[in-house]
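Chains, contacts and geometry: an overview
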Amino acid sequence: MTLIKRKSIEAEAFVADDRAARSPRPTYKPRFAPVTFSEIGGVRYLHFGTEWVQGAMRLSKPDRIELEYAQQMMAWLLFMRAPKHVVQLGLGTGSITKFSAKQFPRTQVTAVELNPAVVVAARTMFDLPSDSRRLKVLEVDAWDYVTDTANHGAVDVLQIDLYDATARGPVHDTPAFYKACRATLREPGMLTMNLFGDHDSYPKNIRRLRQAFDNRVIEFPEVHDGNVIVLAFNGPLLSVEWKDVEARAKVVEAATGLPAKRWVKQLREKNGDGGPVLTV
């Protein structure tokens, strides 16, 4: 498969639009945006036919989570141990799914992805393993997954990264969707989600997420390209001293290589107005 550089992606999209504009016949509109790739500085990127990055993998370290916001999606590790079932809505390159399957040998890991081409790309271009007893990739809509009552109360950690090709906002963002997401979680359970901090969709989504989770939501500061990771909590009220979260971060960082100590600093700067204790 030929790797498409970023500029080529934009050029091909322009040419396609130009041809469509000059065509006397109606053009077929595909169900999904095209899956395209670029490779720069030893890092392979996934795109949906635009310059927006949908995921990445460093070729020399394929098992590492490359992008900072994707690493932050794992910040539930600061508050939860030994999850039985971790679910990812929106596969992307499969970096989080792949990492979870390798890092937690006793955990069921499920990824939900509607576009079959994304699944093929994750398998062939980003080293996502085939399905196994513990790892499953389901080609279904995220909405159908979270509204299926068979999945309610069955998930310990729900990770959501559902952006379209233009990164205008989450594909699903209704109050009903967020309530259904919470319904999938066990008690205790956690949700992590990628939002777009510098986009008009952010205030609406953070408000709806807070409503669905009774305001039990904390945020990371905005990182590259405007991504903001938010964490939502389900189950008993959590009250923990930040020093204990810092101690947990040292364990997580040593075990996984993820920058967990930096996460605590970032979270405390953004959500630490309550003093030495985090209550959520």
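All of the points below concern the structure found in this document. (Residues numbered from 1 in each chain as written. Predicted model: local features only at pLDDT ≥ 70, side-chain atom pairs only at ≥ 80, totals over all residues. Heavy atoms only, no water.)

**Here we look at the side chain of Lys98**
- Inspection of the secondary structure assignment puts Lys98 in helix α3 (residues 95-103).
- Among buried charged residues, Lys98 stands out as having no salt bridge; its nearest opposite-charge side chain is Asp63, 4.8 Å away.
- In this view, Lys98 contacts Met57, Pro62, Asp63, Phe126, Asp127, Leu128 and Pro129; residues no more than four positions away in its chain are not counted. (Helix = DSSP H or I, 4+ residues; strand = E, 2+ residues; numbered from the N terminus. Buried < 20%, exposed > 50% of the residue type's maximum accessible area, 1.4 Å probe, protein only. Lys, Arg positive; Asp, Glu negative; His and termini not counted. Salt bridge = Lys/Arg side-chain N within 4 Å of Asp/Glu carboxyl O. Contact = heavy atoms within 4.5 Å.)

**Here we look at the packing of helix α6 (residues 175-184) against helix α7 (residues 201-212)**
- Between α6 and α7, the least distance of the axes is 9 Å, while the angle of their chain directions is 45°. Taken together, the axes of α6 and α7 lie oblique to each other. As for the relative orientation of α6 and α7, their crossing is right-handed in sense. Residues Pro175, Tyr178, Lys179 and Arg182 of α6 form the contact with α7, whose own contacting residues are Asn205, Arg208, Leu209 and Ala212.
- When its residues are assigned to classes, the contact of α6 with α7 shows four nonpolar, one polar and three charged. (Axes fitted to C-alpha atoms, helices over the stretch in contact; angles between N-to-C directions. Parallel < 35°, antiparallel > 145°, perpendicular 65-115°, else oblique. Left-handed = near helix turned anticlockwise from the far one by under 90°. Nonpolar A, V, L, I, M, F, W, Y, C, P; charged D, E, K, R; others polar.)

**Side note on unusual backbone geometry**
- A cis amide bond links Glu187 to the next residue, Pro188, at an omega of 0°.
- Structurally, Pro188 can be placed in strand β8 (residues 185-196).
- One non-glycine residue, Asp127, adopts positive backbone phi at about 65°.
- Relative to the helices and strands, Asp127 resides in the loop between α4 (116-125) and β6 (135-138).
- In this structure Asp127 comes out as partly exposed when scored by relative accessible area, which is 42%.
- The backbone of Asn215 sits at a positive phi, close to 70°, despite the residue not being glycine.
- Mapped onto the fold, Asn215 is located in the loop between α7 and β9 (217-219).

**Quick word on the nonpolar core**
- Met74, Trp76, Leu78, Phe79, Ile218, Leu231 and Trp263 are the most contacted members of the largest nonpolar core, which has 39 residues in total.
- Among the nonpolar cores identified, the runner-up in size contains 29 residues, and Tyr178, Leu195, Phe196 and Val228 belong to it. (Core = buried A, V, L, I, M, F, W, Y, C linked by side-chain atoms within 4.5 Å.)

**Describing the side chain of Ser38**
- Among the secondary structure elements, Ser38 is positioned in strand β1 (residues 36-40).
- Ser38 gets classed as buried once you look at its relative accessible area, which sits at 0%.
- One polar contact links Ser38 to His47, side chain to side chain, over a distance of 2.7 Å. (Polar contact = N/O pair within 3.5 Å; in protein donor to acceptor, adjacent residues only side chain to side chain.)

**Observations regarding the pairing of strand β10 (residues 227-234)**
- The element β10 is largely enclosed, with a buried count of eight among its eight residues.
- Both β8 and β10 contribute to a ladder of eight bridges, which runs antiparallel. Across the sheet, the residue bridging to Phe196 is Asn227, located in β10.
- In this structure, β9 lies alongside β10, joined through three bridges in antiparallel fashion. (Pairing = 2+ DSSP bridges.)

**Topic: the pattern of salt bridges**
- Evaluated as defined, the whole model comprises twelve salt bridges.
- Linking Asp63 and Lys102 is a salt bridge whose minimum nitrogen-to-oxygen distance equals 2.7 Å. Of the two residues, Asp63 sits in the loop between β3 (55-58) and α2 (68-72) while Lys102 sits in helix α3, which places them 39 residues apart along the sequence.
- Residues Asp173 and Lys204 are paired through a salt bridge, measuring 2.9 Å at the closest nitrogen-oxygen approach. Of this pair, Asp173 sits in the loop between β7 (155-160) and α6 while Lys204 sits in helix α7, and the two are 31 residues apart along the sequence.
- The class of Asp173 is buried, set by a relative accessible area of 16%.
- By sharing partners, the salt bridges in this structure join Arg58, Arg64 and Glu66 into a single network.

**A look at the sheet that holds β1**
- Reading across from one edge, β1-β2-β3 is the order of the three strands in this open sheet, with antiparallel pairing throughout. Of all the strands in the sheet, just β1 and β3 have a single pairing partner and so form its edges. Each strand axis lies, on average, 20° off the axis of its neighbour in the sheet, ignoring direction.
- The sheet contact formed by β1 and strand β2 (residues 43-47) spans five bridges and is antiparallel. In the strand pairing of β2, Ile40 is matched with Val43.

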